[in-house]
Amino acid sequence: MNVIASLTRFAVLLFASSTALAQLDHALPPSEQAAAGQALVEKWRDAAPAENAEYHGVLKIRNRDNQTETVPLTFKIILGQSNWQTVYEAGATSKTPAQKLAIIHAPGKPNQYLFASGSKPDEPAGQPMPITNEQATASFAGSDFSLSDLGLEFFHWPAQRLIRTEMRKSQVAKVLESVNPQSHNGYARVVTWLEKESGAPIAAEAYDRDGKLLKQFSIKSVKKVKGRYQLQEMQITNVKNDSRTRIEYDLEKE
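Now for a quick tour of the structure.

Conventions we followed
- Residues numbered from 1 in each chain as written.
- Predicted model: local features only at pLDDT ≥ 70, side-chain atom pairs only at ≥ 80, totals over all residues.
- Heavy atoms only, no water.
- Helix = DSSP H or I, 4+ residues; strand = E, 2+ residues; numbered from the N terminus.
- Buried < 20%, exposed > 50% of the residue type's maximum accessible area, 1.4 Å probe, protein only.
- Areas by Shrake-Rupley, 256 points an atom, 1.4 Å probe, with all protein chains shown as cover.
- Expected span 1.5 Å × (residues − 1).
- Arc of directions from axis to C-beta.
- Contact = heavy atoms within 4.5 Å.
- Phe/Tyr/Trp six-rings, centres within 6.5 Å; stacked < 30°, edge-to-face > 60°.
- Lys NZ or Arg CZ within 6 Å of the ring centre and 35° of its normal.
- Salt bridge = Lys/Arg side-chain N within 4 Å of Asp/Glu carboxyl O.
- Polar contact = N/O pair within 3.5 Å; in protein donor to acceptor, adjacent residues only side chain to side chain.

## Description of the overall build of the protein
When helices and strands are counted, the protein shows two helices and 13 strands. Residues counted as buried form 49% of the 254 residues belonging to the protein. Entry remark: accessible area of the protein is about 12,500 Å², with carbon and sulfur atoms responsible for 48%.

## Digging into unusual backbone geometry
The phi dihedral of Asn66 is positive, around 70°, even though this residue is not glycine. Looking at where Asn66 falls in the secondary structure, it is placed in the loop between strand S1 (53-62) and strand S2 (68-79).

## Quick look at helix H1 (residues 30-45)
If you check H1, its first and last C-alpha atoms are 23 Å apart, about what 16 residues at 1.5 Å a residue would give, namely 22 Å. Considered for burial, the residues of H1 that qualify are Gln33, Gly37, Leu40, Val41, Trp44 and Arg45. The buried residues of H1 occupy an angular sector of 110° when the element is viewed end-on, so they sit on one face. Summarising the geometry of H1, the exposed residues directed more than 90 degrees from the buried face are Ser31, Ala35 and Lys43. Where the residues of H1 are buried, they touch strand S3 (84-90), strand S7 (159-168), strand S8 (171-179), strand S9 (189-195) and strand S10 (201-207).

## What to know about the packing of aromatic side chains
Each pair of aromatic rings is reported with the distance of its centres and the angle of its planes. Enumeration over the complete set of coordinates arrives at eight aromatic pairs. With centroids separated by 6.3 Å and ring planes inclined at 65°, the aromatic side chains of Phe154 and Trp157 adopt a geometry described as edge-to-face. Neither Phe154 nor Trp157 differs from the other in exposure class; each is buried. These aromatic residues form a ring-pair network of at least three members: Tyr55, Phe75, Tyr88, Phe140 and Tyr249. A cation sits over an aromatic face here: Arg168 above Trp193, 4.0 Å from the ring centre.

## Focus on the pattern of salt bridges
Scanning the model with the defined rule gives nine salt bridges in all. When the shortest N-O distance is used, the salt bridge between Lys60 and Glu248 registers 3.3 Å. Here the residue Lys60 occupies a position in strand S1, and Glu248 occupies one in strand S13 (residues 243-249), the gap between them amounting to 188 residues. With relative accessibility at 33%, the residue Lys60 sits in the partly exposed group. We note a salt bridge from Arg161 to Glu177, for which the minimum N-O separation is 2.4 Å. A residue pair is termed long-range when its members are at least 10 positions apart, and Arg161 in strand S7 and Glu177 in strand S8 qualify at 16 residues. Taking the relative accessible area as the measure of exposure, Arg161 reaches 33% and is therefore partly exposed. For Glu177, a relative accessible area of 9% translates into the label buried.

## Observations regarding the environment of Glu153
With respect to the secondary-structure elements, Glu153 resides in the loop between helix H2 (147-150) and S7. The exposure class assigned to Glu153 is buried, which follows from its relative accessible area of 12%. Sequence separation of Glu153 and Pro110 is 43 residues, and the distance between their C-alpha atoms is 8.6 Å. Polar side-chain contacts of Glu153 include one of 3.5 Å to the side chain of Asn133.

Next up, the structure:
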């Protein structure tokens, strides 16, 4: 559905052994949920990646007619002195132009989005330029991921509540509810499951103002590379459009 500050942060410890059901926490009292939720997202959101990285893979976009388009994808983490960037570059195809998205992350500050796209199929992306948060709701390379999905923009919303702890995907996970009071056409509420020990997101669901499910996000697989777990595949399902997009990285070549 920053990244992150990066997609690799999704994968940290995702395959840790499951904790017994008896160890599940009780639901937090309502009076404690907001403070606990804000502390959780700030800790995770402000943690910079350990090092620069570059991964290559594909976007596999399946439409409602069950037809799949494959788009080349490069993902980079670029560390700076006071911030870091996560960069997504979608290669041009016969159907879509190349696109480039750079998201600048800094502790305690909102995401900054820079975007560039060719004007027609097979064209290069050009130099990314700053865009607004409203413009960041657009699709990335024709996929089910919006630009702001890739920045996990909902972790920057003012209302964050840590509701409870429960089992999800065979792991003990903290359940976080993010609410956007200014939502009009986009997400109004996102529920995220974060692995209890590492805090890494493992699944999320996005809803509109009427409580209708719009998108579902999940980590599908990770792989141990050079002694560290790295994201290998994740998926977002667009319930409204009956479409689905997978991001798959070829970690064998990294």
